[in-house]
Amino acid sequence: MDGNGRWAEQRGLSRLEGHIEGCKATRSVVKACVGLGVQVLSLYAFSAENWGRASDEVNGLMHLIEDALCEELDDLIGADIRFLASGRCCELPESLQRMLVGAEKRTADEDGMVLNLLINYGGRAEIVDATRALAYRVQAGEIAPEDITEQLLRECLYAPGLPDPDLLLRPGGEMRVSNFLLWEIAYAEIVVMPVLWPDFDGGHLIEAIVEYNARQRRFGGVPGVE
Ligand code: IPE
Ligand code: MG
């Protein structure tokens, strides 16, 4: 969800006001995804690298995420959404951690769309955490090094039950991956759109899906060859 800062700057507002506007866009995009039958929506809310920002922006983002989740929780349940948080959550403020765990628990039995919130998330950190979990299992004698496969590593990622994303949609126009779901996006189709996140709506989402539908996915194969 990129471009909140630039959106605010263009209007002479603070970056935090951009994030508040971005939050409204998030609400409408979540609704649009439910309406379109999207099965999993992973939203990159706060990266492991975002701690380097000014402390008032970081604190503002933490409060904003906590407040938004608190306000939306009943609506998430009403829309059958199962909430997940992915990232090093133990490094987040305690009240936010409680909120995230509570939202996961309260929505655990929902069988509609999965809303996976990436918070204090880094793709490299996720692979390091998975590697560490496997190393402990080897050390405990539960598995041998040669038992480690792609499947086994995948099972140690933050949200092992989720399928790999089909579409990586980046608003804000930057042509980079920025440490987002590095393992999982191996074969994702990338769509970059110039629109800044606070301006993003269901129409832009449909535009991206139309572009995705025009892509030919080969997964390293050759079309027509079994
Ligand atoms: C939001 O956009 C991303 C978050 C960390 C919440 P930015 O804050 O990166 O906005 P730009 O890229 O500076 O415009
Ligand atoms: Mg940015």
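Fair warning: this is a prediction, and the values are worked out from it, not measured in the lab.

For the rest of this paragraph, the subject is the overall build of the chain. Secondary structure summary: the chain contains seven helices and five strands in total. The C-alpha atoms of the chain give 18 Å as radius of gyration, which agrees with the globular expectation for 226 residues (17 Å, within 12%). Its C-alpha atoms give the chain principal-axis dimensions of roughly 55 × 50 × 35 Å. Buried residues in the chain amount to 41% of all 226 residues. Put simply, of all contacts in the chain between residues at least 6 apart along the chain, 71% involve residues at least 24 apart. Carbon and sulfur atoms make up 52% of the accessible area of the chain, which totals about 12,500 Å². Once the 21 positive and 37 negative side-chain charges of the chain are each reduced to a mean point, those two points are 3 Å apart.

What follows is about the packing of helix H2 (residues 15–36) against helix H7 (residues 202–213). Where H2 contacts H7, the two axes come as close as 9 Å, and the packing angle between them is 50°. What the angle tells us is that H2 and H7 run oblique. Crossing angle aside, the handedness with which H2 passes H7 is right-handed. On H7, the residues that touch Val29, Ala32, Cys33 and Leu36 of H2 are Gly202, Leu205, Ile206 and Ile209.

Helix length check: helix H4 (residues 94–107), at 14 residues, gives a terminal C-alpha distance of 20 Å against a target of 20 Å (1.5 Å per residue), a fit within 8%. Of the residues making up H4, those classed as buried are Leu96, Met99, Leu100, Ala103 and Thr107. The arc enclosing the buried residues of H4, seen along the axis, measures out at 95°, which places them on a common side. Within H4, the exposed residues directed more than 90 degrees away from the buried face are Glu94, Arg98 and Lys105. Looking at the packing, one finds that the buried side of H4 touches helix H3 (55–78), strand S2 (82–86) and strand S3 (114–121).

Despite not being glycine, asparagine 120 shows a phi value in the positive range, around 50°. Tracing the backbone through its elements, the reader meets asparagine 120 in strand S3. Within the chain, phenylalanine 219 stands out as a residue other than glycine whose phi angle is a positive 50°. Its place among the elements puts phenylalanine 219 in the segment after H7.

Here the focus is the side chain of glutamate 57. With respect to the helices and strands, glutamate 57 occurs in helix H3. Among the polar contacts listed, one links the side chain of glutamate 57 to the side chain of arginine 53, at a separation of 2.8 Å. With residues near it in sequence (within four places) discarded, glutamate 57 still touches Arg15, Leu16 and His19.

Moving on, we come to the packing of aromatic side chains. Enumeration according to the criterion identifies six aromatic pairs in this entry. With 5.9 Å between their ring centres and 80° between their planes, tyrosine 44 and tyrosine 121 make a pair best called edge-to-face. In this pair, tyrosine 44 sits in strand S1 (residues 40–47) while tyrosine 121 sits in strand S3, placing the two residues 77 residues apart along the sequence. This pair shows no difference in class: tyrosine 44 is buried, exactly as tyrosine 121 is. A centroid spacing of 4.9 Å and a plane angle of 75° characterise the contact between phenylalanine 46 and tryptophan 51, whose relative ring orientation is edge-to-face. With a relative accessible area of 0%, phenylalanine 46 lands in the buried category. Given a relative accessible area of 35%, tryptophan 51 falls into the partly exposed group. Put simply, the rings of Tyr44, Tyr121, Tyr158 and Phe180 pair up and form one aromatic cluster.

Conventions we followed
- Residues numbered from 1 in each chain as written.
- Chains lettered and ligands numbered in written order.
- Predicted model: local features only at pLDDT ≥ 70, side-chain atom pairs only at ≥ 80, totals over all residues.
- Heavy atoms only, no water.
- Helix = DSSP H or I, 4+ residues; strand = E, 2+ residues; numbered from the N terminus.
- Rg over C-alpha atoms; globule rule 2.2 N^0.38 Å.
- Buried < 20%, exposed > 50% of the residue type's maximum accessible area, 1.4 Å probe, protein only.
- Contact = heavy atoms within 4.5 Å.
- Areas by Shrake-Rupley, 256 points an atom, 1.4 Å probe, with all protein chains shown as cover.
- Lys, Arg positive; Asp, Glu negative; His and termini not counted.
- Charge placed at Lys NZ, Arg CZ, Asp CG, Glu CD.
- Axes fitted to C-alpha atoms, helices over the stretch in contact; angles between N-to-C directions.
- Parallel < 35°, antiparallel > 145°, perpendicular 65-115°, else oblique.
- Left-handed = near helix turned anticlockwise from the far one by under 90°.
- Expected span 1.5 Å × (residues − 1).
- Arc of directions from axis to C-beta.
- Polar contact = N/O pair within 3.5 Å; in protein donor to acceptor, adjacent residues only side chain to side chain.
- Phe/Tyr/Trp six-rings, centres within 6.5 Å; stacked < 30°, edge-to-face > 60°.

Everything listed here is a matter of coordinates, which is why it stays silent on function.
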